[in-house]
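So you can see what is in the structure, the chains are spelled out below.
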Amino acid sequence: MVFYVILRVAIPSPLHKLFDYLCPVELEGLAKPGMRIKVPFGSREIIGIVIDTDVHSDYSSKQLKTALMLLDADPVLDATQFWLARWAAHYYFYPEGEALQQALPVLLRKGQEPTFAHATLWRATAHATLSSLATSAKRQRELLELLLRNPQGVSTEAIKIEGFSTPLLKALADKHLAESFASHPRPYQFATGSETILKEAPLTLNEEQASALYSLLNPSHFHTLLLEGITGSGKTEVYLQAIEAILKVGKQALILVPEIGLTPQTLSRFKARFQVPVMALHSGLTDRQRLDAWLMARDGSARILIGTRSAIFTPMKNPGIIIVDEEHDPSFKQQEGFRYHARDLAVLRAKKEDIPLLLTTATPSLESLHNALDGRYQHLHLRQRAGNASAPKFKFLDIRGEALQAGMAPELIHHIRQHLSAQTQVLIFLNRRGFSPSLICHDCGAVNECTRCDARMTLHRSPAHMHCHHCDRQTPIPKRCHQCHSEDLRPSGAGTERTEEQLKSLFPNIPVLRIDRDSTSRKHALENMMKQIHTGQPCIMIGTQMLAKGHHFPRVTLVAVLDADAGLFSADFRGMEKTAQLILQVAGRAGRAELSGEVLLQTHHPDHPMLAALVTQGYEAFAKSELVLRQGAGLPPFHHHALIRAEASRQGWAEAFLRSIREAIETHLSLPPGNHWSGPFPSPMEKRAGLFRSQMLIQGRERRHLHTLLRMIMQEVEHNPMKNKVRWSIDVDPIDSY
DNA sequence: AGCACGCCGACT
DNA sequence: GTCGGCGTGCTC
Ligand SMILES: [Zn+2]
Ligand SMILES: [Zn+2]
């Protein structure tokens with residue numbers, strides 16, 4: 001009898017299973033979990049990840065194919081990554097092979113070696129000293145310093161990342177102070193022990209900051225600190241100093257920031273403070289740059305790693321701390337495919353690696369607040385504004401019965417005029433792009449709708465076209481009504497373009513800057529507008545969420561929110577929370593330093609209890625009463641949600657599919673306790689991008705029982721004859737219900 | 001998701 | 001006749 005060694009392999013395919021292969025004799029003893037392996041799969045050969053070696057298979061050795069080759073001598077995925085990606089795959093019901101794949105840089109998925117690009121390295125020549133350069137040659141001296149600190153060589157790439165230009169390097173080379181040599185090891189390395197960490201001195205902490213820093217670093221083991229502080233309260237300084245402390249003991253820091261938060265300004269803040277290699281992991285990197293960054297993180301040479309959602313899977317050799325900045329930001333939850341929440345995975349990872357986790361925000365998510373109130377997180381506040389700046393004054397502008405001009409009440413326009421004449425800047429927030437959200441026939445009332453979605457087309461003027469924001473369909477602006485052929489088509493409602501136009505005509509001598517995705521899509525457009533704003537001259541900014549995140553406007557004294565009612569009566573139970581967070585975030589742009597700010601909220605509901613609580617008692621009071629409502633209604637974070645979505649090309653198919661799943665389970669199986677199942681019902685926007693959508697919601701009192709039910713659903717889908725006619729997905733802990 | 005296999009319409 | 005349309009089924 002022959003014994004075969006059998007390998008269990010995760011294959012990147014949408015199938016929710018693992019696959020077994022015979023281990024070729026020459027690979028016996030070599031294959032380890034976390035290694036890439038090439039295997040035959042159907043008619044092709046693909047790269048999978050070894051999950052387990054020497055397993056028992058339900059398939060006979062005759063049915064099993066033989067694995068082809070190992071791609072790694074050591075696991076590419078370290079133990080933490082391997083565990084985290086698999087844990088997330090199970091928790092979010094995503095195929096393990098796909099999840100593991102997403103934890104790897106693209107080049108490794110394609111089978112490339114986990115090595116740095118062949119690079120030209122630079123080092124100082126044997127006789128080079130700083131005194132060989134004139135004191136006036138500041139940048140050259142800095143570059144030479146860098147080279148002197150790294151006698152083993154620095155790659156051209158790393159020199160550029162540090163902000164030195166090629167001519168600068170050439171100047172040193174011409175003076176025979178620097179020389180190049182070929183190699184392909186890591187492009188960057190600091191000798192441990194002798195490294196300089198800081199480039200600039202840290203600021204002095206106030207008492208609250210100092211105690212937050214202390215709580216974060218003590219103990220140095222796993223614990224989660226939720227640090228709540230308004231803009232300008234110095235949260236960043238706290239974590240910069242926490243990073244400094246962990247760098248001093250030779251460890252690395254991982255910082256997650258929201259999708260629009262990874263700006264050059266954010267990065268320069270770190271680079272200005274720290275001497276050590278800072279790596280940004282963002283969508284602008286080439287596959288090669290991403291792999292190099294990943295490798296530098298893994299071998300410990302990159303000390304500070306800043307990235308968006310997917311950076312949670314970046315390996316670290318010496319993990320010291322994880323920081324999730326703006327922890328409430330929805331971009332930490334992936335909205336399609338592998339629907340993980342990076343903040344939640346950060347908790348898991350920090351626990352696994354036994355390091356502190358810092359969550360910072362001005363407006364905690366109710367999930368995090370709930371965890372803090374339950375004692376799972378420490379919760380500290382920074383209540384003092386830096387430089388003793390006074391908090392902005394909030395005021396409701398009751399717009400009931402008011403005649404609005406492009407979304408603005410006369411009193412608002414009056415306020416804008418006042419602030420501008422005081423030579424300060426005004427920021428207007430309207431979370432709606434385009435000129436107008438609908439185009440209506442004045443004679444018959446017909447609305448211009450998207451043919452592929454249950455939604456109105458948005459009118460854009462620059463450039464002029466109709467645009468569906470749900471499926472991206474674009475058409476010319478119609479000249480006549482499609483129903484009655486009238487030519488009297490009128491835009492109804494205001495978007496940023498329309499408000500911009502109105503402001504320009506009201507204030508012809510004042511620059512009006514529109515900041516939204518459309519106006520900033522051209523390269524440097526945003527940068528140029530920011531430059532103009534930072535001259536400090538009076539101006540009006542009108543924009544969407546883009547304005548609310550990341551940017552600081554010290555000369556702004558008036559912030560106006562045109563539609564504070566946006567989330568008030570939304571079908572989504574998180575609407576109120578999202579609106580409150582946005583309002584406070586926008587308000588945080590006003591009145592820094594010596595100028596005090598004013599925040600005007602245009603609303604039809606100045607007496608709405610939640611809105612009033614937010615404005616008069618602050619976010620925390622608001623959030624606590626919102627938590628009470630959630631608890632009463634059995635909503636998250638008290639109960640847990642999972643949303644089963646389905647879509648199909650024909651109306652009714654998606655719903656029929658979901659219904660048959662539900663019926664099959666309810667008639668043949670006994671349900672785990674504590675779950676409340678609702679639906680299927682049509683999605684809030686039933687038709688979108690030409691597909692008809694339906695969904696079911698499951699609310700579970702206990703996670704394990706909810707997951708048991710979800711596993712039953714997975715099983716049932718496998719055998720369901722309609723599964724190929726629909727696209728479907730499970731969303732665990734969904735953050736919206738579209 | 002890929003990819004092959006297979007069974008009908010319309011093109012050289 | 002055969003090229004290709006995409007429905008159906010399978011991947012250890
Ligand atoms: Zn009409
Ligand atoms: Zn559409």
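Keep in mind that this is a model prediction, so the values were computed, not measured.

Engineer: Lay out the protein's contact with DNA strand C in plain terms, naming residues and giving numbers.
Structural biologist: Taken together, 13 residues lie around DNA strand C, and D20, Y21, G42, Y59 and K65 are the ones closest in. Within 4 Å of the protein, the atoms of DNA strand C are drawn from sugar and phosphate moieties in a proportion of 44%. Between DNA strand C and D20 there is a distance of 2.9 Å, counted from a sugar or linking oxygen to a backbone nitrogen or oxygen. Contributing elements (two or more residues each) for the surface near DNA strand C: β2 (19-22) and β3 (36-41). Residues belonging to the surface near DNA strand C are distributed by class as follows: seven nonpolar, two polar and four charged.

Engineer: Outline the coordination of the zinc ion (ligand 1), listing residues and values.
Structural biologist: The protein atoms donating to the zinc ion (ligand 1) are C441 (SG), C444 (SG), C481 (SG) and C484 (SG), with metal-donor distances spanning 2.2 to 2.3 Å. One way to put it: the four donor atoms around the zinc ion (ligand 1) meet at angles of 103 to 113°, and that makes the site tetrahedral. Read from N- to C-terminus, the donor residues coordinating the zinc ion (ligand 1) fall into the pattern C-x2-C-x36-C-x2-C. Remark: C484 occurs in the loop between β21 (474-475) and β22 (489-492) and C444 occurs in the loop between β18 (438-441) and β19 (458-461); sequence separation between them is 40 residues. By relative accessible area, C484 is classed as partly exposed at 34%.

Engineer: Could you give an account of the pattern of salt bridges, naming the residues involved and the relevant values?
Structural biologist: Throughout the structure, instances matching the rule amount to 39 salt bridges. Two residues, R36 and D72, come together in a salt bridge whose shortest N-O distance is 2.7 Å. Here the residue R36 occupies a position in strand β3, and D72 occupies one in the loop between β5 (69-70) and α1 (79-91), the gap between them amounting to 36 residues. In this structure D72 comes out as buried when scored by relative accessible area, which is 7%.

Engineer: So what's going on with the side chain of S519? Which residues, and what values?
Structural biologist: Tracing the backbone shows S519 in the loop between β23 (512-515) and α15 (525-534). Among the polar contacts listed, one links the side chain of S519 to the backbone oxygen of R514, at a separation of 2.6 Å. Residues within four places of S519 in sequence aside, it is in contact with R514, A525 and M529.

Engineer: Report on the coordination of the zinc ion (ligand 2), specifying residues and quantitative values.
Structural biologist: Protein-derived coordination of the zinc ion (ligand 2) comes from C450 (SG), C453 (SG), C468 (SG) and C471 (SG), at a distance range of 2.2 to 2.4 Å. Each of the four donor atoms around the zinc ion (ligand 2) contributes to a set of angles spanning 105 to 114°, which defines the coordination as tetrahedral. Along the chain, the residues donating to the zinc ion (ligand 2) are arranged with the sequence spacing C-x2-C-x14-C-x2-C.

Engineer: Explain the sheet that holds strand β24 (residues 540-543) to me, using residue names and the numbers behind them.
Structural biologist: Here six strands make up an open sheet; going across it, the order is β16-β26-β25-β17-β24-β23 and the pairing parallel. If you trace the sheet from one side to the other, it starts and ends with β16 (393-398) and β23, each paired once. Neighbour-to-neighbour, the strand axes of this sheet turn through a mean angle of 20°, independent of strand direction. The sheet contact formed by β23 and β24 spans four bridges and is parallel. Within the sheet, the bridge partner assigned to V512 lies in β24 and is I540. On top of the sheet, α15 reaches β17 (425-429), β23 and β24; it is set at about 140° to β23, its chief contact.

Engineer: Can you break down the packing of aromatic side chains residue by residue, with the values?
Structural biologist: The final tally for this structure, using the stated rule, is nine aromatic pairs. Ring centres of Y239 and F270 lie 6.2 Å apart, and the angle between their planes is 20°; this geometry places the pair in the stacked category. Of the two residues, Y239 sits in helix α8 (residues 235-248) while F270 sits in helix α9 (residues 264-273), which places them 31 residues apart along the sequence. Under the relative-accessibility criterion, Y239 is labelled buried at 3%. Ring geometry for Y619 against F622: centres 5.6 Å apart, planes inclined by 50°, an arrangement best described as tilted. Pair noted here: Y619 and F622 are both in helix α19 (residues 619-633), with a separation of three residues, about one helical turn. Judged on exposure class, the residue Y619 and its partner F622 are both buried.

Engineer: Lay out unusual backbone geometry with the relevant residues and their values.
Structural biologist: The omega torsion across N218 and P219 is 5°, close enough to zero to call that bond cis. Its location among the elements puts P219 in the loop between α7 (207-217) and β9 (224-229). P637 follows P636 through a cis peptide bond whose omega is 5°. Within the fold, P637 resides in the loop between α19 and β27 (640-648). With a phi close to 45°, A406 is a non-glycine residue in the positive phi region. Relative to the helices and strands, A406 resides in the loop between β16 and α13 (410-421). With phi around 50°, A689 is a residue other than glycine that occupies positive phi space. Looking at the secondary structure, you find A689 in the loop between β28 (675-688) and β29 (691-700). Residue classification places A689 among the partly exposed residues on the basis of a relative accessible area of 30%.

Engineer: Please provide a residue-by-residue account of the sheet that holds β21, values included.
Structural biologist: Two strands in a sheet stick together by hydrogen bonds in their backbones, pointing the same way (parallel) or opposite ways (antiparallel). Sheet architecture is open: three strands sit in the order β19-β20-β21, paired in antiparallel fashion. Looking along the sheet, the strands with just one partner apiece sit at the ends: β19 and β21. In terms of strand pairing, strand β20 (residues 464-467) meets β21 through two bridges, oriented antiparallel. By the bridge assignment, M466 is partnered in β21 with T475.

Engineer: How would you explain the UniProt feature "domain: Helicase ATP-binding" (unreviewed entry) in chain A if you had to name every residue and give the values?
Structural biologist: Per the UniProt record, the feature "domain: Helicase ATP-binding" (unreviewed entry) sits at residues 216-382. End-to-end, the C-alpha atoms of residues 216-382 are 14 Å apart, and along that stretch the chain is 35% helix and 22% strand.

Engineer: Lay out the UniProt feature "binding site: Zn(2+) 2" (unreviewed entry) in chain A with the relevant residues and their values.
Structural biologist: With numbering matched to this structure, UniProt assigns "binding site: Zn(2+) 2" (unreviewed entry) to C450, C453, C468 and C471. Considering the C-alpha atoms alone, the annotated residues occupy 22 residues of sequence yet fold into one spot, their largest mutual distance being 8.7 Å. Structurally, C453 is set in the loop between β18 and β19. What makes C453 buried here is its relative accessible area of 3%.

Engineer: For helix α11 (residues 342-353), give the residues involved together with the corresponding values.
Structural biologist: One turn of an α-helix holds 3.6 residues; hence residues three or four places apart share an orientation. With twelve residues, α11 should reach 16 Å at 1.5 Å per residue; the first-to-last C-alpha distance of 16 Å fits that figure. Looking at the buried residues of α11, the elements they touch are α1, β10 (252-256), β13 (319-325), β14 (357-361) and α12 (366-373). Just downstream of α11, D354 is the residue with a positive phi angle, here 55°.

Engineer: A description of the protein's contact with DNA strand B should follow, citing residues and the corresponding values.
Structural biologist: Close to DNA strand B lie P14, S43 and R44. Within 4 Å of the protein, the contacting atoms of DNA strand B are 57% sugar and phosphate, with bases supplying the remainder.

Engineer: If you had to explain the confidence of the model for chain A to someone new, which residues and values would you point to?
Structural biologist: Scored by pLDDT, chain A has a mean of 91; 96% of the residues are at 70 or more. A low-confidence stretch, residues 190-194 stays under pLDDT 50, and its non-local contacts, those more than four residues away or across chains, total five contacts. Scored by ipTM, the complex comes to 0.91, with pTM at 0.89.

Engineer: Break down the packing of α12 against α19 for me, citing the residues and quoting the values.
Structural biologist: Orientation of α12 relative to α19, taken along the N-to-C sense of each, is 90°, at an axis distance of 11 Å. Relative to α19, the element α12 is oriented roughly perpendicular. Residues L366, L369, H370 and L373 of α12 form the contact with α19, whose own contacting residues are Y619, A623, K624, E626, L627 and R630.

Engineer: Before we move on, can you summarise the packing of α7 against α8 with the specific residues and values?
Structural biologist: The interhelical angle for the contact between α7 and α8, taken along N-to-C directions, is 40°, at an axis separation of 10 Å. Classified by the interaxial angle, the pair formed by α7 and α8 is oblique. Note that α7 runs across α8; the crossing there is right-handed. Residues Q209, A212, L213, L216 and L217 of α7 pack against E237, V238, Q241, A242, A245 and I246 of α8. In the contact of α7 with α8, the residues fall into eight nonpolar, two polar and one charged.

Rules and cut-offs
Residues numbered from 1 in each chain as written. Chains lettered and ligands numbered in written order. Predicted model: local features only at pLDDT ≥ 70, side-chain atom pairs only at ≥ 80, totals over all residues. Heavy atoms only, no water. Near = heavy atom within 4 Å. Polar contact = N/O pair within 3.5 Å; in protein donor to acceptor, adjacent residues only side chain to side chain. Helix = DSSP H or I, 4+ residues; strand = E, 2+ residues; numbered from the N terminus. Nonpolar A, V, L, I, M, F, W, Y, C, P; charged D, E, K, R; others polar. Donors = N, O, S within 2.8 Å, 3.2 Å for Na, K, Ca; no water. Tetrahedral: all angles 85-135°; square planar, octahedral: opposite > 155°, others 65-115°. Buried < 20%, exposed > 50% of the residue type's maximum accessible area, 1.4 Å probe, protein only. Salt bridge = Lys/Arg side-chain N within 4 Å of Asp/Glu carboxyl O. Contact = heavy atoms within 4.5 Å. Pairing = 2+ DSSP bridges. Axes fitted to C-alpha atoms, helices over the stretch in contact; angles between N-to-C directions. Phe/Tyr/Trp six-rings, centres within 6.5 Å; stacked < 30°, edge-to-face > 60°. UniProt positions renumbered as here; feature names shortened; annotations may be inferred. Expected span 1.5 Å × (residues − 1). pLDDT = per-residue confidence, 0-100. Parallel < 35°, antiparallel > 145°, perpendicular 65-115°, else oblique. Left-handed = near helix turned anticlockwise from the far one by under 90°.

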